[in-house]
Amino acid sequence: MSSIVDRRRLITSLLLAPIVTTVTTGCVTGRQRTTTGPLYSALTVDVEPVRAKGIDGYADKIALYQKRGLAEAYQGAVAANKGLPTLTAEIHSISFGSEVEDFVFSMGANQPAFPQHVSITDWLEGFAVIRQGGKEIKRVKVLAAHRTEGRRQWSMADDEQRLIELTRFFADRLRDEVGD
């Protein structure tokens, strides 16, 4: 083989390497979660930063649903072992987004010819705090932006379901951000 062919192969492989790496990396759908035993001795939720903003009753709902979300996300990873660290989800802020209409076409008389497409993005922000022996050993910022898509107007009755979905999504993001 000539050196020209070898150079062409080398140049081609150098040009294709980033593309192949990007494609194979993009095909990975999620991190592997640790399943080799318990990771924490307890999971707790701290909503005091939200409560300090004057939404006491709502802070209690956030705590309730966040505890459920963490229990689901860390199922099988918690055991009552004093030697293991504890994980606390600190919730610092919550924001329910407003509806954004993607497209509405009407034929007059305010009757849409096509179903209205609505998207809403809700936010939950806080920290994952890992403590062992009473000392903080790791603090990770967690921001969860949960988008809800639909073809109708949202009502206040949907707020409870949106909160459940948002806290569950936050629990999954927390586990991803912590890396376990």
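Residues numbered from 1 in each chain as written. Predicted model: local features only at pLDDT ≥ 70, side-chain atom pairs only at ≥ 80, totals over all residues. Heavy atoms only, no water.

Chemist: Give me the lowdown on the overall build of the protein chain, citing residues and values where you can.
Modeler: When helices and strands are tallied, the protein chain shows four helices and five strands. Mapped from its N terminus to its C terminus, the protein chain presents α and β elements in the order α-β-α-α-β-β-β-β-α. Residue burial in the protein chain is summarised as follows: out of 180 residues, 29% are buried. Sequence-distant contacts, at least 24 apart, represent 73% of the contacts inside the protein chain between residues at least 6 apart. If you sum the accessible surface of the protein chain, you get close to 11,400 Å²; carbon and sulfur atoms cover 57% of it. (Helix = DSSP H or I, 4+ residues; strand = E, 2+ residues; numbered from the N terminus. Buried < 20%, exposed > 50% of the residue type's maximum accessible area, 1.4 Å probe, protein only. Contact = heavy atoms within 4.5 Å. Areas by Shrake-Rupley, 256 points an atom, 1.4 Å probe, with all protein chains shown as cover.)

Chemist: So what about helix α3 (residues 56-73)? Which residues, and what values?
Modeler: For α3, spanning 18 residues, the distance from its first C-alpha to its last is 25 Å, which sits close to the expected 26 Å at 1.5 Å a residue. The complete set of buried residues in α3 reads Ala-59, Ile-62, Ala-63, Tyr-65, Gln-66, Gly-69, Leu-70 and Ala-73. Where α3 is buried, its residues meet β1 (42-46), α2 (48-51), β2 (86-95), β4 (118-132) and α4 (159-178). (Expected span 1.5 Å × (residues − 1).)

Chemist: Lay out the pairing of β4 in plain terms, naming residues and giving numbers.
Modeler: Within β4, eleven of the 15 residues are buried, which leaves the element mostly enclosed by the surrounding structure. Summarising the sheet, β2 and β4 pair through nine bridges and their orientation is antiparallel. Paired with Ser-95 across the two strands is Trp-123, which belongs to β4. (Pairing = 2+ DSSP bridges.)

Chemist: Help me get a handle on the side chain of His-146, residues and values and all.
Modeler: Structurally, His-146 is set in strand β5 (residues 135-150). Excluding its chain neighbours within four sequence positions, the residues that come into contact with His-146 are Ile-120, Thr-121, Asp-122, Glu-165, Leu-166 and Phe-169.

Chemist: I'd like a rundown of the packing of aromatic side chains, residues and numbers included.
Modeler: For the structure shown, the criterion picks out two aromatic pairs. Look at Tyr-40 and Tyr-74: their rings are 5.6 Å apart centre to centre, the planes differ by 80 degrees, and that puts the pair in the edge-to-face class. Separated by 34 residues along the polypeptide, Tyr-40 in the loop between α1 (3-26) and β1 and Tyr-74 in the loop between α3 and β2 bring together distant segments of the chain. Tyr-74 matches Tyr-40 in its accessibility class, with the two residues each being buried. Both rings, one in Tyr-58 and one in Phe-96, keep their centres 6.2 Å apart while their planes meet at 80 degrees; by these two values the pair is edge-to-face. Linking Tyr-58 in helix α3 with Phe-96 in the loop between β2 and β3 (100-101), this pair joins segments that are 38 residues apart in sequence. Taking relative accessible area as the criterion, Tyr-58 reaches 25% and is therefore assigned partly exposed. A cation sits over an aromatic face here: Arg-139 above Phe-127, 5.1 Å from the ring centre. (Phe/Tyr/Trp six-rings, centres within 6.5 Å; stacked < 30°, edge-to-face > 60°. Lys NZ or Arg CZ within 6 Å of the ring centre and 35° of its normal.)

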